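Residue-level listing of the chains:
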Amino acid sequence: AQTVTQSQPEMSVQEAETVTLSCTYDTSESDYYLFWYKQPPSRQMILVIRQEAYKQQNATENRFSVNFQKAAKSFSLKISDSQLGDAAMYFCAYRSSDQYNFNKFYFGSGTKLNVKP
Amino acid sequence: DAGITQSPRHKVTETGTPVTLRCHQTENHRYMYWYRQDPGHGLRLIHYSYGVKDTDKGEVSDGYSVSRSKTEDFLLTLESATSSQTSVYFCAILGRTGVNYEQYFGPGTRLTVT
């Protein structure tokens, strides 16, 4: 099974500043997908951004962008111009592109992000 | 929100009692999942289903069983609840957007076993 590691259990950022959440993963596969999910206090899991491993260009969704370093097996999430509504638990996830395992997701333990006004 | 509902949303039960959680989806997705979420562990897969009556175990399946008699419903049963099964339980489906497969989650069920 793949492993996904989020080494920062909790982080804080000042409103309007930038913060980066770290994620590393372990895999022997060459093609796969990576995701960041946000879980606000409501508990609803929300997909924030996805990255396809065969694409070298880093994914961007508005204020959210990733830094994907395939050789280092690193997938960090950068949140720019942080807002109070960004306060949440963030989970990194991995999915194989293999035809037999494409349906299996592996999640990290999460990083709780606090946003200070 | 991919049309996923979970019931109940909250439940308190006593050790040794059976508990069934229900996940319902309205969009005919083939794959459905049950996860539990605990502090420091993230989301851990309990069981998943790849069709009616087709299920398989995840990494933390001990003490849990599942059933899927209809495409839209996936049931998670704790045959005899224990305090270690106090957790938040999430149902998910595998949705497809173009060539991308992504998981979409229900709102979660908070279960407390006393």
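The text that follows walks through the structure, step by step, so that each part is easy to find.

Conventions and cut-offs
- Residues numbered from 1 in each chain as written.
- Chains lettered and ligands numbered in written order.
- Predicted model: local features only at pLDDT ≥ 70, side-chain atom pairs only at ≥ 80, totals over all residues.
- Heavy atoms only, no water.
- Core = buried A, V, L, I, M, F, W, Y, C linked by side-chain atoms within 4.5 Å.
- Buried < 20%, exposed > 50% of the residue type's maximum accessible area, 1.4 Å probe, protein only.
- Helix = DSSP H or I, 4+ residues; strand = E, 2+ residues; numbered from the N terminus.
- Contact = heavy atoms within 4.5 Å.
- Disulfide = S-S within 2.5 Å.
- Salt bridge = Lys/Arg side-chain N within 4 Å of Asp/Glu carboxyl O.

1. Some remarks on the nonpolar core
L21, Y25, W36, F75, L77, Y90 and L113 of chain A are the most contacted members of the largest nonpolar core, which has 26 residues in total. Residue assignment for this core shows that the elements contributing at least two residues are β2 (10-14), β3 (19-21), β5 (32-39), β6 (46-52), β8 (64-69), β9 (74-79), β10 (88-96) and β12 (111-116) of chain A. Ranked by residues supplied to this core, first place goes to β10 of chain A with 4 residues. Among residues more than four places away in sequence, those in contact with Y90 of chain A are Q6, L21, W36, Y37, K38, V48, F64, L77, I79, G110, T111 and L113 of chain A. Judged by nonpolar contacts, the second largest core, of 20 residues, contains M45 and F102 of chain A together with V88 and L94 of chain B.

2. What to know about the state of the cysteines
In a disulfide, the sulfur atoms of two cysteines are covalently bonded to one another. Enumeration over the complete set of coordinates arrives at 2 disulfides over all chains. Disulfide pairing places C23 of chain A opposite C92 of chain A at an S-S distance of 2.0 Å. Judged by the torsion about the S-S bond (-70°), the C23 of chain A/C92 of chain A disulfide is left-handed. Within this pair, whereas C23 of chain A is found in the loop between β3 and β4 (24-26), its partner C92 of chain A is found in strand β10, the two being separated by 69 residues in sequence. As far as the burial class goes, C23 of chain A and C92 of chain A line up, both buried. Residue C23 of chain B pairs covalently with C91 of chain B via a disulfide, S to S 1.8 Å. Between C23 of chain B and C91 of chain B, the S-S dihedral sits near -70°, and the bridge is therefore left-handed. Of the two residues, C23 of chain B is situated in strand β3 (residues 19-25) and C91 of chain B in strand β9 (residues 87-97); the sequence distance between them amounts to 68 residues. By relative accessible area, which is 0% here, C23 of chain B ends up buried. Its relative accessible area of 0% is what places C91 of chain B among the buried residues.

3. Remarks on the pattern of salt bridges
Scanning all chains against the criterion turns up 8 salt bridges over all chains. The salt bridge partner of E52 of chain A is K55 of chain A, with a shortest N-O separation of 3.4 Å. Of the residues examined, E52 of chain A reaches a relative accessible area of 9% and is grouped as buried. A salt bridge links D38 of chain B to R44 of chain B, with the nearest nitrogen and oxygen atoms 2.9 Å apart. Among the ionic contacts, a cluster of salt bridges with common partners joins R22, K70 and D73 of chain B.

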